[in-house]
Amino acid sequence: MSTAPSASGAEVIDHEFGFSRADFDRVRALIYKHAGISLHEGKHAMVYSRLSRRLRDTGHKSFSAYLQWLESSTGAQSTQEWQEFVNCLTTNLTSFFREEHHFHALIDDLKPLAGKPVRIWCCAASTGEEPYSIAMTCSEALGANAQVQISASDIDTNVLNTAKRGVYNADARGLDQTRLRNFFMRGTGDNSGKIRVKPELQRWIDFRSLNLMDAQWSLGDPFHIVFCRNVMIYFDAPTQRKVLERIHKVMRPHGLLFVGHSENFTESKDLFRLRGKTIYERV
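All of the points below concern the structure found in this document. If you're wondering where the values come from, they're calculated on a predicted model, not measured in any experiment.

Remarks on the pairing of strand β10 (residues 251-259)
Relative to β10, strand β9 (residues 223-228) is paired through 5 bridges, and the arrangement is parallel. Pairing of Phe 223 across the sheet is with Met 251, part of β10. The β-α-β motif built from β9, the intervening helix α10 (residues 237-249) and the parallel element β10 has right-handed crossover chirality.

In C-alpha cells, the structure reads:
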C-alpha cells in the first residue's frame, strides 16, 4: 500500500478509497470517544482494510464522506452503523484455555465456594472460547450441578453471536479429548468436523453486549471473580484507571481479577493488590 502527499500536504493512501492522515486521526478520535480504544500510530493499514468494508456496504466513495455521514446520521440506522464501526475496529484473538495457568489457579479459587452461588464476569467474551473455558473449569471444580452464573460480555455484537451459538471446529486449539467428550457434541453429516457446546454448560452463561465506556453497567449482584484479560492494553492510562474503578465497584470484597500476561496494575494498589501471576485481589 503506497502513500503520497496530497495537495494540502496530508498523507493519502493510494488505494480504492481516499484515506488521508486527517481521516485516520478522525477515526482514532471517534473510536476513543465511543469505546475508549486508543489506536496507535502505524494502524493506518489496519483501519483502512477493516473500515473499507463499511464504505462498500454503505455506498460511500471516501473515508471523509463515510465519517461525516456516521457522525451526522440519527435514529436506528445511526445506532446500527456505530455498532458496525466498533465491530470493525475491535480485535478478537482468543482460544480455549488461553493462558492456561489462570484456569489451574481458578480451580483452587473455586473450591472454597463449593455449595454456594458463584458469580463470574468475563468482560471480553469474544467468540466464546474464554467464557466456555471458565464454565468447564467451574464444572470440573464444583460439579455439574453447581450454582454458577457467568456474565459474558463484549462490545462486538458479531463475535457475541458466534459465542451464543457455541459451534466450533472439532480441532479447536486448547481442547483435549476428555473435555471434548464431556462438554461438546460432535456434528454429523453436513456438520461433520464441528462441535457444539452442550446445553447444560451453556445454561450457566448469559451473553450480552456491553461497552465498558457506558455510564452504567447493569450486571446484577457483585462478582466473586472477573476475567478482564487483554482488554486494558487497548486503553490509555486514564481510561484504564476509570475501568478499574468501575470493575472494583461490581466485585465482592476480596474478589479476584484475572488479567492478561502483559497487563500490570500495581499503580492501582488502592483498588487491587497482586495475588498471583497476573491475578489481583480486590482491596
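A short note on helix α6 (residues 129-142)
Taking 1.5 Å per residue as the helical rise, α6 with its 14 residues ought to reach 20 Å, and the 20 Å between its terminal C-alpha atoms agrees with that figure. Burial runs high along α6: 12 of the 14 residues are buried. Regarding α6, the residues found buried are Glu 129, Glu 130, Pro 131, Tyr 132, Ser 133, Ile 134, Ala 135, Met 136, Thr 137, Cys 138, Ser 139 and Leu 142. Remark: Gly 143 follows α6 within two positions and exhibits a positive phi of approximately 100 degrees.

What about the sheet that holds strand β7 (residues 194-197)?
Pairing between the strands of a sheet is mediated by backbone hydrogen bonds and can be parallel or antiparallel. Strands sit in the order β5-β7-β6 across an open sheet of 3 strands; the sheet is antiparallel. Taken across any chain shown, the strands that pair with only one partner, and hence form the sheet edges, are β5 (167-169) and β6 (184-186). The mean inter-strand angle of the sheet, taken between neighbouring strand axes irrespective of direction, is 35 degrees. As paired elements, β5 and β7 share 3 bridges and run antiparallel to each other. Looking across to β7, one finds that Asn 169 is bridged to Lys 194.

What counts and how
Residues numbered from 1 in each chain as written. Predicted model: local features only at pLDDT ≥ 70, side-chain atom pairs only at ≥ 80, totals over all residues. Heavy atoms only, no water. Pairing = 2+ DSSP bridges. Helix = DSSP H or I, 4+ residues; strand = E, 2+ residues; numbered from the N terminus. Right-handed = clockwise from strand over helix to strand, strands pointing away. Expected span 1.5 Å × (residues − 1). Buried < 20%, exposed > 50% of the residue type's maximum accessible area, 1.4 Å probe, protein only. Axes fitted to C-alpha atoms, helices over the stretch in contact; angles between N-to-C directions.

Any link to function would need more than the numbers given here.
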